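Structure assessment
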Amino acid sequence: MSKLKSIQRSGTLAWSSADDKPALLAVGTVAGAIDDSFECTAHLEIFNLDLASPNPAMPLLGSATTSERFQRLAWGAGTNTADYPYGVLAGGMVDGSIKIFNPAKIVGGAAEDSVVATMDKHRGPVRGLEFNWNQPNLLASGASDADMYITDLANPAAPTFYSPGQRQGGGPADITCCAWNRKVHHILASTTNSGQTVVWDLKLKRPVISFNDPNNKTQRNSVVCWNPEVATQLIVASEDDNYPLLQMWDLRNAFAPVKDLRGHTKGILAASWCPFDNGLLLSAGKDNRTLCWDPLNGVVLCELPASANWNFDVQWSPRMPAVLSTGSFDGQVAVYSLTDTAPPVETWQSHAGAEPSFAARRAPKWLQRPSGATWGFGGQLVTFGTPPTLPAGQGLAPPRVHHFLVATEPEVVQRAQALQAALDSGDVNAYCVSKVTAAEATGDATDRAVWGLLGVLSSDDARQHLINYLRIDADGVSPVATPEPLANGASGEEVVDNRLDDMSMDIAAAMSLAQLTLVDGGLTLEAMETDPLAISQTNSGSLLARPPPLPPAPASIEPVVEAQLRRLLVRGSFEAAVDLCIEHGHMAEALALAASGGPELWAKARDRLLASHPAPFMRVLGAVVHQSFGQLVDESSLAHWRETLAILNTYAGDEELAPLCNRLALRLQSEEGDKATAMLCFMCAGNVAATTRLWLDALAEPTNLVSGARPRSLVGARATPLLAFVERLLVLRRVTADTGANAQPEVSARLGEYGELLASQGLLSTASTILAHAQPAANGNGLATAADLLSWRIGQSGKVAGGRGAAVCEFFSPP
C-alpha cells in the first residue's frame, strides 16, 4: 500500500461522514499514551487530507482542548445540516463521559464553543461508540459493567437516552466495542472483554442472541464489526495474545464460528470491514502489523508497512474507496491508499503464520464495473451485469453474463447468405434473375445490365439468349438502338430517320439474307470452312473495301447484250456471260448464271456484288460470308456495337468468339472511353481479369458501382459497393469456370475486406468460404495478406474447420 499522508500524533481517529466533506479526519488524543515531553493535555483536532498538495503532512483545520483523553471517536452525518454542516463528533472519554462536538465550530476557529453536550451515563471508559449507518441521529455507546445506551441526537444540544435492554447472564464485563448492523437498522452488536458477544434488537428492546467461542470461554474480545452486505455475518476479534484470532460468525448458527482468520502473532486491537467491498477487512494488533484480509476466503491479501509499536486503530474511510487510516502508539497517524499491495516475498516469509494467496487477489469492487459489454471476434458480444441478491449468508451470486451474436448490418447478412446459397446450389441463374428484379426496383440501369448479362451467360442456351438480351427480336428488329452523338443540331428523331433512309435493311435482315443466299447457292458455312477454294478473294485484298459502284441496272437487257449472252450460253461460257452481265449492271442475271457455272463462279459473282453494293448492310454480309469477323470488329461503327456483338455471337466459332469480343471491348474502351459497354463485351468474352479490373476501378468510387438509398452507417457506405463487387465477381467466376489463380492482388485484398465484414456479422463459415477464393501470400518469405490473417483467425476461433492457418503460421505469427 502507498502512504498518502501522515502526522505525528497518538490519537484515536474518525473520518467525516459528510458527503461533501469526505477528506476530513478527526484525531483525539488517545488515553494510555504520552509523548516524550510528557504533555498531559488532550486535544480534538481536525485535519484535511488535501490530496492535491504534495506535502506529506495534513494541514490542521482546527483544534479544541478537552479535559479528558479519548477512548473512542465517532463522526456522524447528523440531521441538522444548517447548524451542523460538518455533522457531529462524539468522543468516548476515559472518565466515562461522552462529549458531543460541533466540528464546524472547531474548523471555524470557535473551538471554545464546540462542545454541544456532555453525557455522563457510563461508569467507566467508553470503548464502544458508533453512529447508526442509516439513522445518523442514533448513537450507540458501551462502557464498563456492560452498560449500553442509545442516544438520540436529533437535537444535539438536548440529547435523549434509552437502553437497548437488559443483558441476560454472563456477569459484569467491560464492553470493548459496539457496531450497528449495516442492513437491518435496529440491530446492534456489542462484545466484551469476557469473550461474550451480544446482539440487540432495538424494536424488542432486548438481546436476541449472545454467543462466545465454545473452545475458549476466557477469550478477551476487542472488536466486533458487521459484514456490510450479509446481515447475519459479523467478525469478532480477540486481543488475547494466546488466541490472536478474527472469527467470522453467522447468526443462523451461533454455536461455533464459521471461519478463523489466523495471521497475527499477538492480540488484535482494531478491525474494520470495508463498506465498499465485503471482501476486504483490515486488522491491527499488538504485533505492530496491519493486515488486509479477504475474509470470505480466509486469506491475507496484503500488509501495511509495520510500525514500531502497537497499532491500536485502523479504519476505512466511509466516503472514499481505497483510503484508510491507522493509529499506533509510536506517535504516528497515517493515511494509506490500497495500491501497490503486493509485498516482496521475503516480507511474507519473515512473518510466521501469514501465508498470502496470490491466486485469490482481485480488483476491489469499487473498481469493478457493475455492468459492461465487450465485442469479440466474429460479431460476438458479451455483456455482464450486477448479480442478483442472494439470501443472507449465501455469499456472492454468480455474475450475469450473456453471450450474443449480433448482426449490425442485416442487409449484409441477407445478401451474403443469398450469394452463398446460390453458389452452393449451383443455380446462379435464378440468383441473377433476382438481382435483375432488385435492380429494376431501384432503377439502377448499370446493375440491371450486368446481372442481366450474367443471367444470359449462366443459361443453357447462352448464345440465343444473348440475342434477346441485345434486344434483337425474331423479326430482326432492334427495338432499342444506341443513339449516335448528335451533329449539326439535328434532333435524335432526325438522326434515326436519316439512318433508316440510308439503310435498305437492318442487321437482322442481313443475317436472314446471308443464310438464304448460302442455301440457294448450294454452299453451306461448313463447306466454306472445309474448302478454301470456295472463298474467293477480291483484287483489293479487303473483303469490306468498296470498289467502284456498279453501273445502274437498265430496265431491260439491251438486244446487243442479250445476243452476246445467248451465244455465250450456247457455247457454255458461263464465266464470260457472268462478266458481261456484271459489266452492264445486270447483277440478278449474273447471279443466276453463276449458280449454274459452279462454286467458283458463284463465289466470284457473289463477292463482286457484296463489294460493290452501296447498302451498308452488304459490307456486314460480306464479313459474315467470308468469316472476316476480325476486320468487322476493327472497321464497324462503335455506335452499332450491339449489332456487331450479335453477329459475332451468331456466326463466330466458339474458339474465336472470346478473342473477338475482347477486341471489340478494347476498341470501346480505348476509342470511346465507354467502360460500361466494354465491361459487357469483356463479360461476353469470359475475360474475368479485364472485367474485374473495371469493377475494381469503379469500386474506388462507390457511387460508380451501385446506386441506391443513402446507407444508414459508415459500414454500410463501404459495404454496399463491396457487396456488389464480390457478388458479381464470384458469379462471373462460376459462370466462366474461372479459378481466380491469376487474379490481381487487389482482388484478394477486397475479398479479405469482404470476409472481415462477414466475420463481424457472425458469418464465420461464409467468410471462410469466401476467403478460399482469395490467393494466399506468394511465398513463405512474404507477409501474410489480410485475407490470410483473417482465415487464420477464423480457424483459431474453433467455429469453422479447416482454413489456411497452418500455411500462414509458417511465415507469420499473429499477435
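Residues numbered from 1 in each chain as written. Predicted model: local features only at pLDDT ≥ 70, side-chain atom pairs only at ≥ 80, totals over all residues. Heavy atoms only, no water.

Overview of the pattern of salt bridges
Here the structure, examined in full by the defined rule, presents 23 salt bridges. Of the charged contacts in the structure, one is a salt bridge between Asp 20 and Lys 21, with a shortest N-O distance of 2.8 Å. By relative accessible area, Asp 20 is classed as exposed at 56%. Of the charged contacts in the structure, one is a salt bridge between Asp 654 and Arg 463, with a shortest N-O distance of 3.2 Å. Linking Asp 654 in helix H17 (residues 654-672) with Arg 463 in helix H6 (residues 462-469), this pair joins segments that are 191 residues apart in sequence. The partly exposed category is assigned to Arg 463, whose relative accessible area is 24%. (Salt bridge = Lys/Arg side-chain N within 4 Å of Asp/Glu carboxyl O. Buried < 20%, exposed > 50% of the residue type's maximum accessible area, 1.4 Å probe, protein only. Helix = DSSP H or I, 4+ residues; strand = E, 2+ residues; numbered from the N terminus.)

As for helix H23 (residues 764-771)
Within H23, six of the eight residues are buried, which leaves it mostly tucked inside the rest of the structure. Those residues of H23 not exposed but buried are Leu 764, Thr 766, Ala 767, Ser 768, Ile 770 and Leu 771.

Comments concerning unusual backbone geometry
One non-glycine residue with positive phi stands out, namely Asp 50, at about 50°. Structurally, Asp 50 can be placed in the loop between strand E4 (42-48) and strand E5 (60-66). Note on Asp 50: relative accessible area 26%, which makes it partly exposed.

Describing the packing of helix H18 (residues 675-685) against helix H19 (residues 688-699)
Orientation of H18 relative to H19, taken along the N-to-C sense of each, is 150°, at an axis distance of 8 Å. Between H18 and H19, the angle falls in the class roughly antiparallel. Crossing angle aside, the handedness with which H18 passes H19 is left-handed. Facing H18, whose interface residues are Lys 675, Ala 678, Met 679, Phe 682 and Met 683, H19 presents Ala 690, Thr 691, Leu 694, Trp 695 and Asp 697. The residue makeup of the contact of H18 with H19, split by class, is seven nonpolar, one polar and two charged. (Axes fitted to C-alpha atoms, helices over the stretch in contact; angles between N-to-C directions. Parallel < 35°, antiparallel > 145°, perpendicular 65-115°, else oblique. Left-handed = near helix turned anticlockwise from the far one by under 90°. Contact = heavy atoms within 4.5 Å. Nonpolar A, V, L, I, M, F, W, Y, C, P; charged D, E, K, R; others polar.)

Quick word on the pairing of strand E18 (residues 221-226)
Extensive coverage of E18 is indicated by the burial of six of its six residues. Relative to strand E19 (residues 233-238), E18 runs antiparallel, the two being bridged by five bridges. Bridge pairing in E19 places Val 224 opposite Val 236. Where E18 folds back on E19, the antiparallel hairpin that results is connected by six residues. (Pairing = 2+ DSSP bridges.)

Quick look at the sheet that holds strand E14 (residues 175-180)
The four strands lie next to each other as E14-E15-E16-E17, forming an open sheet whose pairing is antiparallel. Two strands lie at the open edges of the sheet, namely E14 and strand E17 (206-211), each paired on one side alone. Along the sheet, successive strands turn relative to each other by an average axial angle of 20°, direction set aside. With five bridges joining them, strand E16 (residues 197-201) and E17 adopt antiparallel strand pairing. Residue pairing across strands places Thr 197 opposite Phe 211, the latter belonging to E17.

Some words on H18
Among the 11 residues that make up H18, nine are buried, leaving the element largely enclosed by the rest of the structure. For H18, every residue scored as buried is listed here: Thr 677, Ala 678, Met 679, Leu 680, Cys 681, Phe 682, Met 683, Cys 684 and Ala 685. Buried positions along H18 lie against helix H5 (445-457), H6, helix H16 (641-651), H17 and H19.

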